[in-house]
Amino acid sequence: KLVLGIETSCDDTAAAVVDEAGNVLGEAIHSQTEVHLKTGGIIPPVAQQLHRENIQRIVQESLSAGRISPRELSAVATTVKPGLALSLGVGLSFSLQLVNQLKKPFIPIHHMEAHALTIRLTNKVEFPFLVLLISGGHCLLALARGVSDFLLLGKSLDIAPGDMLDKVARRLSLIRHPECSAMSGGKAIEHLAKQGNRFHFDISPPMQHAKNCDFSFSGLQHVIDKIITQKEKEEGIEKGQILSSAADIAAAVQHTTACHVAKRTHRAILFCKQRDLLCQSNAVLVVSGGVASNLYIRRALEIVADATQCTLLCPPPKLCTDNGIMIAWNGIERLRAGLGILHDVEGIRYEPKCPLGVDISKEVGEAA
Ligand code: ATP
Ligand code: FE
């Protein structure tokens, strides 16, 4: 069995062909990051236009990289939810045209489900397992019980941690810092934090009194923003110059983020074990998303995993961020399970908003 996966939910046009054994036969990706960096964020019509310009070529490249003729495909799997409407639309209409032409089944994919299942491509991981997704666009804790069976334990009530770190990095003008100019916001913060003292600023972690697994990062962003404004006054520098206390601020925001994420994850593990939803003695905790590449945050999660007899697993960095391989693999998983394979695509729509699985986050809070 061979599945072509197509991803256009945000700002990456990606495609890949994966077989039943999890071999990646071909892949291609076009990232729009450079364009969006210049505008200080994603402008949806611009993203849409770039997807349109690149999708044909990217799909073609993923097929030819594996010397695969479209006729050999068992199905086409494409992200249809959640994501930017204009971006999702490009991938969906391209895919529908393709499956109609080839007379192949179509497998609509939930982007978060694909992120969550990626670990089963790289490691032998059985259900159930706990997943923490932390990136620029996502922040959630979910229990994966089956290919299409998830319990949502918690999510961010405002922005995602990567988004917050990017905003702090921008506010600190780290793009002008000689050591961090080529790095993403989160990576620049991690780099600079190594030179700082995390205790220099005393910041309390968000939502300390909320006994659930939800997250919040916009409050923290505002606290940091105030500190930066204060320091700019003290040091008598203009906006855009780099503070002498930038490293301490980076260390503080990274530490606070790590504490917050670790606390919520700890609570989720305890909840699942209490309800016998996870194995008591050797449960698996999967951490994915761009922010998962932060070694300080990962260390905090390792401590939580050790304390709760869990094994911490992360997909390789390339598979932690958006890619076509995870979509194709999700297609393979669904083919094997016989779930959501469409032979008739009449009436299929994309859905910009769509939570992953059954939301039990309220129950988690009440149980504590
Ligand atoms: P998605 O749609 O999956 O959320 P995204 O582009 O928003 O995609 P990713 O590509 O998964 O997110 O990751 C990018 C985010 O990860 C950025 O916000 C970036 O700052 C953050 N990031 C990258 N490296 C690190 C790091 N070392 N530490 C912390 N954050 C990081
Ligand atoms: Fe994603």
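This text goes with the structure placed above it.
Definitions and cut-offs
- Residues numbered from 1 in each chain as written.
- Chains lettered and ligands numbered in written order.
- Predicted model: local features only at pLDDT ≥ 70, side-chain atom pairs only at ≥ 80, totals over all residues.
- Helix = DSSP H or I, 4+ residues; strand = E, 2+ residues; numbered from the N terminus.
- Buried ≥ 20, exposed ≤ 12 C-beta atoms within 10 Å, placed from the backbone.
- Contact = placed C-beta atoms within 7 Å.
- Near = placed C-beta within 6 Å.
- Nonpolar A, V, L, I, M, F, W, Y, C, P; charged D, E, K, R; others polar.
- Core = buried A, V, L, I, M, F, W, Y, C linked by C-beta atoms within 7 Å.
- Pairing = 2+ DSSP bridges.
- Axes fitted to C-alpha atoms, helices over the stretch in contact; angles between N-to-C directions.
- Right-handed = clockwise from strand over helix to strand, strands pointing away.
- Parallel < 35°, antiparallel > 145°, perpendicular 65-115°, else oblique.
- Left-handed = near helix turned anticlockwise from the far one by under 90°.

*Asks:* How should the overall build of the protein chain be read in this particular structure?
*Replies:* Helix and strand counts for the protein chain come out as 13 helices and eleven strands. Principal axes of the C-alpha set define a box for the protein chain whose edges measure 65 × 50 × 30 Å. In the protein chain, buried positions account for 51% of the 368 residues. Long-range contacts, defined here as pairs at least 24 residues apart, represent 76% of the contacts in the protein chain between residues at least 6 apart.

*Asks:* Please clarify how the site of ligand 1 should be interpreted in this entry.
*Replies:* Neighbouring residues of ligand 1: 21 residues in total, closest Gly136, Gly137, Gly162, Gly186 and Gly290. Contributing elements (two or more residues each) for the shell around ligand 1: α6 (161–171) and α7 (185–193). Its residues assigned to classes, the shell around ligand 1 comprises three nonpolar, 13 polar and five charged.

*Asks:* For this particular structure, what's the right way to read the nonpolar core?
*Replies:* Most often, soluble globular proteins have nonpolar side chains that are buried together. Ranked by size, the top nonpolar core spans 113 residues in total, and within it Val3, Leu130, Ala142, Leu153, Leu285 and Ala328 carry the most contacts. Residues in contact with Leu130, not counting those within four places in the same chain, are Leu141, Leu143, Ala268, Ile269, Cys272, Leu278, Ala283, Leu285 and Val286.

*Asks:* Can you walk me through the sheet that holds strand β8 (residues 149–155) in this structure?
*Replies:* Backbone-to-backbone hydrogen bonds pair the strands of a sheet. The strands run either parallel or antiparallel. Taken in spatial order, the six strands of this open sheet run β10-β9-β6-β7-β8-β11, and their pairing is mixed. Both outer strands of the open sheet, β10 (310–313) and β11 (358–359), are each paired with one neighbouring strand and no more. Strands in contact with helix α9 (residues 246–274) are β6 (129–134), β7 (139–146), β8, β9 (283–288) and β10; relative to β6, the strand with the most contacts, it is inclined by about 160°. Contacting β9 and β10, helix α10 (residues 295–307) crosses the sheet at an angle of about 155° to β10.

*Asks:* Would you take a moment to explain the sheet that holds strand β3 (residues 24–31) for this structure?
*Replies:* In space, the five strands of this open sheet follow the order β3-β2-β1-β4-β5, with mixed pairing throughout. Both outer strands of the open sheet, β3 and β5 (106–110), are each paired with one neighbouring strand and no more. Strand-to-strand twist of the sheet, defined as the mean angle between neighbouring strand axes without regard to direction, takes the value 20°. Sheet topology note: the strand β1 (residues 2–7)/strand β4 (residues 75–81) ladder contains four bridges and is parallel. Considered in β4, the bridge of Leu4 is made with Val76.

*Asks:* Please explain unusual backbone geometry as it appears in this structure.
*Replies:* With the exception of glycine, the majority of residues adopt a negative phi angle, and the majority of peptide bonds are in the trans configuration. That bond from Phe127 to Pro128 is cis: its omega, -5°, falls within 30 degrees of zero. Of note, Pro128 is situated in the loop between α5 (119–122) and β6. Phi at Lys103 is positive, roughly 55°, even though this residue is not glycine. On the secondary structure map, Lys103 appears in the loop between α3 (85–102) and β5. You will see that Ser173, though not glycine, has its phi angle at about 55°, which is positive. Mapping Ser173 onto the fold places it in the loop between α6 and α7.

*Asks:* I would appreciate a short explanation of the pairing of β10 in the present structure.
*Replies:* The side chains of a regular strand alternate, first on one face of the sheet and then on the other. Relative to β10, β9 is paired through four bridges, and the arrangement is parallel. By the bridge assignment for β10, Val284 is matched with Thr311. Chirality of the crossover, the property in question, places the unit of β9, α10 and β10 among those that are right-handed.

*Asks:* Help me out: how do you make sense of α6 in this one?
*Replies:* Side chains three or four residues apart in an α-helix point the same way, a direct result of the helix having 3.6 residues per turn. Summarising burial for α6: eight of the eleven residues are buried, a large majority. Among all positions of α6, only Pro161, Gly162, Asp163, Met164, Leu165, Asp166, Val168 and Ala169 are buried. In this fold, the buried residues of α6 make contact with β6, β7, α7, α8 (218–235) and α9. Ser173 sits one or two residues past α6 and shows a positive phi near 55°.

*Asks:* What should I look at first to understand the packing of α6 against α7 in this one?
*Replies:* Packed helices, taken two at a time, are described by their axes: the angle between them and the distance between them. Interaxial distance between α6 and α7 falls to 7 Å at its minimum, and their mutual angle equals 70°. Taken together, α6 and α7 sit at an angle that is classed as roughly perpendicular. Handedness of the α6/α7 crossing: left-handed. For the pair α6 and α7, the contacting residues are Gly162, Leu165, Asp166, Val168, Ala169 and Arg170 in the first and Gly185, Gly186, Ala188 and Ile189 in the second. Grouping the amino acids of the contact of α6 with α7 by side-chain chemistry returns five nonpolar, three polar and two charged.

*Asks:* Please explain the packing of helix α2 (residues 44–65) against α3 as it appears in this structure.
*Replies:* Close contact between α2 and α3 brings their axes to 8 Å; oriented N to C, the two are set at 25°. With respect to each other, α2 and α3 are oriented roughly parallel. Handedness of the crossing formed by α2 with α3: right-handed. Within the contact between the two elements, α2 uses Pro44, Pro45, Ala47, Gln48, His51, Arg52 and Ile55 and α3 uses Leu86, Ser87, Val90, Gly91 and Phe94. Considering only residue class, the contact of α2 with α3 consists of seven nonpolar, four polar and one charged.

Interpretation in functional terms is not warranted from these geometric data alone.
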